[in-house]
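# Coordinates in review
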Amino acid sequence: MYISELIDRSMKNKNPNLVLKNANIVNVFTHEVIEGDLAVHDGIIIGIGEYTGDINIDLKGKYIAPGLIDSHIHIESSMLSPGEFSKAIVPRGTTTIITDPHEIANVCGLDGVEYILNSTEELPLNTYVMLPSCVPATNFENSGAILKADDLEKYINHPRILGLGEMMNYPGVIYKDKDVMDKLKLAHKNNKSVDGHAPRINGEGLNAYVLSGVNTDHECTTEEEMLEKLRLGMYVMIREGSATKDLKNLINGVNQYNYQRILLCTDDKHPEDLLKEGHIDHNVRLAIKNGIDPITAIQMATINAANCYNLKNVGAIAPGYKADIIVFDNLENFNIEEVYKDGELVGKDKKPLFTTKEKDFSKVLKTVHLSKINTDNIQIYFEKEDGEEDVNIISLKPHSLITEKVKAKVKIVDNKFEYDNEKDILKLAVIERHKNTGNIGIGLVENFKLKNGAIATTISHDSHNIIVVGDNDEDIVNAVNKVISMEGGIAISSSNEILESLSLNIGGLMSDKNIEYVNSKFSKLVDIAYNSLKVSKDIDPFLTLAFLALPVIPNIKLTDKGLFDVEEFEFIDISSKTN
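Residues numbered from 1 in each chain as written. Predicted model: local features only at pLDDT ≥ 70, side-chain atom pairs only at ≥ 80, totals over all residues. Heavy atoms only, no water.

Our focus in this paragraph is the overall build of the protein. Along its length, the protein carries 17 helices and 29 strands. In terms of overall dimensions, the protein has a C-alpha envelope of 90 × 50 × 45 Å along the principal axes. Within the protein, buried positions represent 63% of all 579 residues. Looking at the protein alone, contacts between residues at least 24 apart form 68% of all its contacts between residues at least 6 apart. Here the protein carries 61 positive and 87 negative side-chain charges, and the mean point of each set is 2 Å from the other. (Helix = DSSP H or I, 4+ residues; strand = E, 2+ residues; numbered from the N terminus. Buried < 20%, exposed > 50% of the residue type's maximum accessible area, 1.4 Å probe, protein only. Contact = heavy atoms within 4.5 Å. Lys, Arg positive; Asp, Glu negative; His and termini not counted. Charge placed at Lys NZ, Arg CZ, Asp CG, Glu CD.)

The structure is reproduced here in structure tokens:
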């Protein structure tokens, strides 16, 4: 469509395709609501005022705003294919996402990046991609791939690549690791953004991190942390997902002076929460409920993200912008009734009005390369033959990914750890699954509260080896071997029987089934975990478990190479006497 033809319709020389009449239009530039008609032609907004189109829809005073933007998401964490994921979020008002295929890249390398790019190409969802910066996430674990700057250069100028994904390797930045520096140089040379991942980083270290070119962060958990990062010019993404919910802790730090540097994101969100709560629309409602002006909340979910990532044609309702539009009842409840993508109605009453066709994904299948295990593989041995010994234990905190290193006495029988039903101390294992190296890291965890069973999964951030927790070896082995036989997924075992399982055959992370199937199976898994195995209600049984293998979040984690002290940045022995 030539610009001259759009001008003709903007000037009313010809009718536009579509006019949404009698609307209350949220203007994210001037923080006001304007009454009028919105004219759309060929998927582009061409005017605001009084218009007549080929199709005229009377909104009768309903509100319209730009389609919402999730500024940081991993599609893989939904356990859905990109097509099914779009069916969940587009009808809820999200028309643009910035995704980091970090998870599947750690399993499949560039094949994972290509899968995300190819499978999102024709969706009614603007999908922009940040190239994974940390594959592997650290050198303290085995992943399925290694991506260096030379590998990423092939994609850096792809039209939907915005830059470098979350730079979790903070030490690699401040100590000028060559691989990290090469990736940062690649982004800078091509004028691309760099996303951050900087929990609890402050002072000179944060100065150096920002100096390196990192300009966003989604890991703030306190107002003070958020303010320090804003002062240094960073955009702060307030995250509200399934496992990590930071909005209530941060929202009081948003004010009239800094709100333009605040974005909204989900990071990770499960199907059940997407269907029940919503997506970024839920974050907007929660912000309003916690005292944020509704238009400000919408700005944080639209134009702020567009400005951060230099997206010129999304995030606002104005001439020349994509006709990505949400229709909702009122500013306070923010109940989205209809969603337009490029001027086409694609969602109504939270239901998708479009179908998707999955492209070839054969290169991201069959990613579990591992022989079945037995109980001998998961023993914890001590020098002492019998008695008790002080050990290092991973202690979970309620509703948090941050753990604490604590010490406790455990029983030893025949030189091996012995389960004690009177204590909430469970065995935790991470089993390398990409190259069948035989690596198995074994540790102990408290506050999981699981009884009479085990949970195993190939979702374990960020290398996605198999992780399992349980209170007896038989169920641990049974759950792990079920996951191996499914080529990835989640399994729960009790009394040596599989109670429920969910196959995640795409990279061991996503299902090729529809959202209803995945949600049904996953809901059963959640129900069994809480009600049959009595997992603590203060944690998410699967997301919490998945993050226990991530050695970049304080304070103590477990990888396939062993128990890792994140603050000291070194491996430690399970026996506290050796530290």
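On to the UniProt feature "domain: Adenine deaminase C-terminal" (unreviewed entry) in the protein. UniProt annotation of "domain: Adenine deaminase C-terminal" (unreviewed entry) refers to residues 401-570 when read in the numbering used here. For the annotated span residues 401-570, helix accounts for 21% and strand for 35% of the residues, and the straight-line distance between the end C-alpha atoms is 19 Å. (UniProt positions renumbered as here; feature names shortened; annotations may be inferred.)

Among the six residues of strand 8 (residues 126-131), six are classified as buried, and the element is accordingly described as predominantly covered. Both faces of strand 8 are covered, namely the face carrying Asn126, Tyr128 and Met130 and the face carrying Thr127, Val129 and Leu131. Looking at chain direction, strand 7 (residues 94-99) and strand 8 are connected through four bridges and run parallel. Counted as the bridge partner of Ile97 is Thr127 from strand 8. Summarising the sheet, strand 8 and strand 9 (residues 161-167) pair through three bridges and their orientation is parallel. The residue bridging Leu131 from the neighbouring strand is Leu164, located in strand 9. (Pairing = 2+ DSSP bridges.)

Quick look at the UniProt feature "domain: Amidohydrolase-related" (unreviewed entry) in the protein now. Here, UniProt's "domain: Amidohydrolase-related" (unreviewed entry) annotation points to residues 63-346. A distance of 17 Å separates the end C-alpha atoms of residues 63-346, which is 34% helix and 20% strand.

On to the nonpolar core. Formed by 166 residues in total, the largest nonpolar core has its most connected members in Phe328, Phe448 and Ile455. Element by element, the count of residues in this core is highest for helix 16 (residues 515-532), at eight residues. Here Phe448 is in contact with Leu396, Asp424, Leu426, Ile455, Val469, Val535, Ser536, Ile539, Pro541 and Leu545, once residues within four sequence places are set aside. Core analysis: the second largest hydrophobic core is formed by 31 residues, Ile378, Ile380, Ile393 and Met486 among them. (Core = buried A, V, L, I, M, F, W, Y, C linked by side-chain atoms within 4.5 Å.)

Time to look at the pattern of salt bridges. One pass over the structure, following the stated rule, counts 29 salt bridges. Here Asp281 and Arg92 are joined by a salt bridge, their closest N and O atoms 3.7 Å apart. Placement of Asp281 in helix 12 (residues 280-289) and of Arg92 in the loop between helix 2 (82-89) and strand 7 is noted, with a sequence separation of 189 residues between them. Owing to a relative accessible area of 2%, Asp281 belongs among the buried residues under this scheme. When the shortest N-O distance is used, the salt bridge between Lys427 and Asp473 registers 3.0 Å. (Salt bridge = Lys/Arg side-chain N within 4 Å of Asp/Glu carboxyl O.)

Another point: the sheet that holds strand 12 (residues 235-239). Pairing is parallel across the open sheet formed by three strands, whose spatial order is 11-12-13. Each of the sheet's edge strands pairs with one partner strand only, and the pair in question is strand 11 (216-217) and strand 13 (262-265). Looking at chain direction, strand 11 and strand 12 are connected through two bridges and run parallel. Paired with Asp217 across the bridge in strand 12 is Val236. Seen against the sheet, helix 9 (residues 223-231) touches strand 11, strand 12 and strand 13 and runs at an angle of roughly 150° to strand 12. (Axes fitted to C-alpha atoms, helices over the stretch in contact; angles between N-to-C directions.)

Below, the discussion takes up the sheet that holds strand 8. Spatial strand order, 6-7-8-9-10: five strands in an open sheet with parallel pairing. Among the strands making up the open sheet, the edge pair consists of strand 6 (68-73) and strand 10 (193-196). Adjacent strand axes in the sheet meet at a mean angle of 25° when their direction is disregarded.

This next bit is on unusual backbone geometry. A negative phi angle is the norm for most residues apart from glycine, just as the trans form is the norm for most peptide bonds. Geometrically, the link from Val135 to Pro136 is a cis peptide bond, its omega value of 0° lying close to zero. By the element assignment, Pro136 lies in the loop between strand 8 and helix 5 (149-152). A cis geometry characterises the amide bond from Pro554 onward to Asn555, with omega recorded as 0°. Of note, the phi angle at His464 is positive, near 60°, even though the residue is not glycine. Its place among the elements puts His464 in the loop between strand 23 (454-457) and strand 24 (466-470). The class of His464 is buried, set by a relative accessible area of 1%.

The next subject is the packing of aromatic side chains. Scanning all chains against the criterion turns up eleven aromatic pairs. When the centroid spacing of 4.4 Å and the interplanar angle of 35° are considered together, the rings of Phe140 and Phe564 count as tilted. With a gap of 424 residues between them, Phe140 in the loop between strand 8 and helix 5 and Phe564 in strand 28 (residues 562-565) connect regions that are remote in the sequence. Note on Phe140: relative accessible area 19%, which makes it buried. Owing to a relative accessible area of 0%, Phe564 belongs among the buried residues under this scheme. Pairing Tyr170 with Tyr209 gives two aromatic rings, centres 5.8 Å apart and planes at 65°, and the pair type is edge-to-face. Taken together, the residues span a long stretch of sequence, with Tyr170 in helix 6 (residues 170-174) and Tyr209 in helix 8 (residues 203-211) at a distance of 39 residues. Just as Tyr170 is buried, Tyr209 falls in that class too. (Phe/Tyr/Trp six-rings, centres within 6.5 Å; stacked < 30°, edge-to-face > 60°.)

With that out of the way, let us pick up the environment of Ile174. If you trace the backbone, Ile174 turns up in helix 6. Those residues within four positions of Ile174 in sequence are excluded, and the remaining contacts are Gly205 and Ala208.

Turning our attention to the side chain of Asp267. Secondary-structure assignment places Asp267 in the loop between strand 13 and helix 11 (271-276). Judged by relative accessible area, which is 5%, Asp267 ranks as buried. Within the structure, Asp267 has its side chain in polar contact with the side chain of Arg239 (distance 2.8 Å). Non-local contacts of Asp267, meaning those with residues more than four positions away in its chain, are made with His72, Ile73, His74, His218 and Arg239. (Polar contact = N/O pair within 3.5 Å; in protein donor to acceptor, adjacent residues only side chain to side chain.)

Moving on, we get to the environment of Gly253. With respect to the helices and strands, Gly253 occurs in the loop between helix 10 (247-250) and strand 13. Each C-alpha atom of the pair Gly253 and His74 lies 26 Å from the other, and the pair is 179 residues apart in sequence. Those residues within four positions of Gly253 in sequence are excluded, and the remaining contacts are Glu223, Met226 and Asn258.

Under the defined criterion, the tally for this structure stands at zero disulfides. Note on Cys108: no disulfide assigned, nearest cysteine sulfur contributed by Cys134 at a separation of 18 Å. Judged by relative accessible area, Cys108 falls into the buried class, the value being 14%. Between Cys220, a free cysteine, and Cys265, which holds the nearest cysteine sulfur, the sulfur-to-sulfur gap is 10 Å. (Disulfide = S-S within 2.5 Å.)

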